[in-house]
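Coordinate analysis (summary)
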Amino acid sequence: MGENHTQPRFILLGITDTPWAQAPLFGLFLLIYIVTLVGNVGLMVLVWVAPSLHTPMYFFLAHFSLADVCYSTVISPKMLTDLSFGDKTISWAGCVTQFHLFALFVTAECHLLAAMAYDRHVAICHPLLYATVVSPRACWQLVACSYLVASLSALIYTSCTFGGSFCAPRRVDHFFCDASPVLRLVCSDTRGSEAAIFALAAANRLGTSVVILLSYGRILLTILGMRSAPSRARAFHTCASHLASVAVFYGTLFFMYLQPASRHGSRDKVASVFYTVVSPMLNPFIYSLRNREVKAALEKCRRRMLNHC
């Protein structure tokens, strides 16, 4: 670890080193980041001010939007600075902090998606018990557990990734400090660290996805047993937004983190852009455009503001 003090900086190679592509990418990612902030913060404010959205599902959604804002902010400002000014260096502490916070909020999102699936399962399969099972206290406990597990996991990810001795030059072939490109710079044997990261990632991703699959398996059986076509349509509609978010989020995560570090390559940057930059922007649209309750709450807020004006 002595080498960490003699050369305490990394160089992020970025998305591309083509000069003519820097300005268009900066404009594109700046626009996406602004839309991400406006969409997710707007959704959180709407859940807070609209009484019709004071339900467990939207409580979880507000925390999901908060995690989106946080991990997007961990990545995007540094990426935009690199594209704009060309200074792609990042300090040792900055690299560790960026990776740790990113791992924390991404892992928290996995568990929040599982909590949202459980909420839908209870609402559709056990509606009479819903108010008792998914009580405000239970909601806070599920969110607290999500962040607790995510915090512990992030500590392990970070210690495994930055616990070795690094060789110079520390050129990270990525646009942020992620586990695989950082581990390639370690001089010592990384097989133990890679195995630990892979096992923990599998436990978090597969564990939460099993909860989601089991919840939706029970939901599907319950919906198919309904005699009323409008009831079936309503039940499917309440799950559509959450399923879309699950598909977008888990698709790229499984590609990125459930494969050995030796198999990672240039395609990782494309997948990383999708789930670190694009996915946080899409979630507010998924929940607002596909959800009658959110659209109704937006309309009520708009009318209230016009009346005050």
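Everything that follows concerns the structure shown earlier in this document.
The structure reproduced in this document is the subject of the present report. Sequence positions are assigned chain by chain, starting from 1 and proceeding in written order. A pLDDT threshold of at least 70 governs which residues receive local features in this predicted model, and a stricter bar of 80 or more applies before side-chain atom pairs are shown or counted, although totals over entire chains, interfaces and linings include all residues. Side-chain figures throughout are based on the complete set of non-hydrogen atoms in the structure, without hydrogens or water.

**Some details on the nonpolar core**
What makes a nonpolar core is a set of buried Ala, Val, Leu, Ile, Met, Phe, Trp, Tyr and Cys residues whose side-chain atoms join them at distances within 4.5 Å. Buried residues are those whose accessible area, probed at 1.4 Å on protein chains only, stays under 20% of the maximum for their type, while exposed residues exceed 50% and partly exposed ones sit between those limits. The biggest cluster of nonpolar side chains holds 92 residues, and the ones touching the most others in it are Phe10, Phe29 and Phe162. Sorting elements by how many residues they give to this core places helix 4 (residues 92-125) first, with 20 residues. Secondary structure elements follow DSSP: runs of H or I no shorter than four residues count as helices, runs of E no shorter than two count as strands, and numbering proceeds from the N terminus.

**Re the packing of aromatic side chains**
By convention, a stacked pair of Phe, Tyr or Trp rings (six-membered ring in the case of Trp) has centres within 6.5 Å and planes under 30 degrees apart, an edge-to-face pair has planes over 60 apart, and any other such pair is tilted. Inspection of the entire model under this criterion finds 12 aromatic pairs. For the pair Phe10 and Phe162, a centre-to-centre distance of 6.4 Å together with 75° between the ring planes defines the contact as edge-to-face. Taken together, the positions of Phe10 in strand 1 (residues 9-12) and Phe162 in helix 6 (residues 136-162) put the pair 152 residues apart, joining distant regions of the chain. Note on Phe162: relative accessible area 5%, which makes it buried. Between Phe10 and Phe166, the aromatic rings sit 5.5 Å apart at their centres with planes inclined by 85°, giving edge-to-face as the arrangement. In this pair, Phe10 sits in strand 1 while Phe166 sits in the loop between helix 6 and strand 3 (171-172), placing the two residues 156 residues apart along the sequence. Here the two residues Phe10 and Phe166 agree in accessibility, since each one is buried. Consider the ring centre and the ring normal. A charge sits over the ring if Lys NZ or Arg CZ is within 6 Å of that centre and within 35 degrees of that normal. In this arrangement the basic side chain of Arg170 is found over the ring face of Phe10, its NZ or CZ atom lying 5.4 Å from the centre.

**Describing a nonpolar patch on the surface**
Like charges are joined within 9 Å and nonpolar side chains (Val, Leu, Ile, Met, Phe, Trp, Tyr) within 5 Å, but only among residues with over 30% relative accessible area and no salt bridge; these make up the patches. Shrake-Rupley sampling with a 1.4 Å probe provides the accessible areas, and residues are treated as covered by the protein chains on show and by no other component. Salt bridges, as used here, are contacts in which a Lys or Arg side-chain nitrogen is within 4 Å of a carboxyl oxygen on Asp or Glu. A surface patch of nonpolar side chains, about 390 Å² in accessible area, is lined by Val41, Val45, Trp48 and Val49. Along the chain, the position of Val41 falls in helix 2 (residues 19-49).

**Looking at the state of the cysteines**
Criterion for a disulfide: a pair of cysteine sulfur atoms within 2.5 Å. Throughout the structure, instances matching the rule amount to two disulfides. A sulfur-sulfur distance of 1.9 Å marks the disulfide that ties Cys95 to Cys177. Because the sign of the S-S torsion sets the handedness, a value of about -120° for the bond joining Cys95 and Cys177 places this disulfide among the left-handed ones. With Cys95 in helix 4 and Cys177 in the loop between strand 3 and helix 7 (179-183), the pair connects residues that are 82 residues apart, well separated along the chain. Both residues of the pair, Cys95 and Cys177, belong to the buried class. Bridging Cys167 to Cys187, the disulfide has an S-S length of 1.6 Å. You can see Cys167 sitting in the loop between helix 6 and strand 3 and its partner Cys187 sitting in the loop between helix 7 and helix 8 (191-224), a full 20 residues away along the chain.

Note that all results are geometric; they support no functional claim without further evidence.
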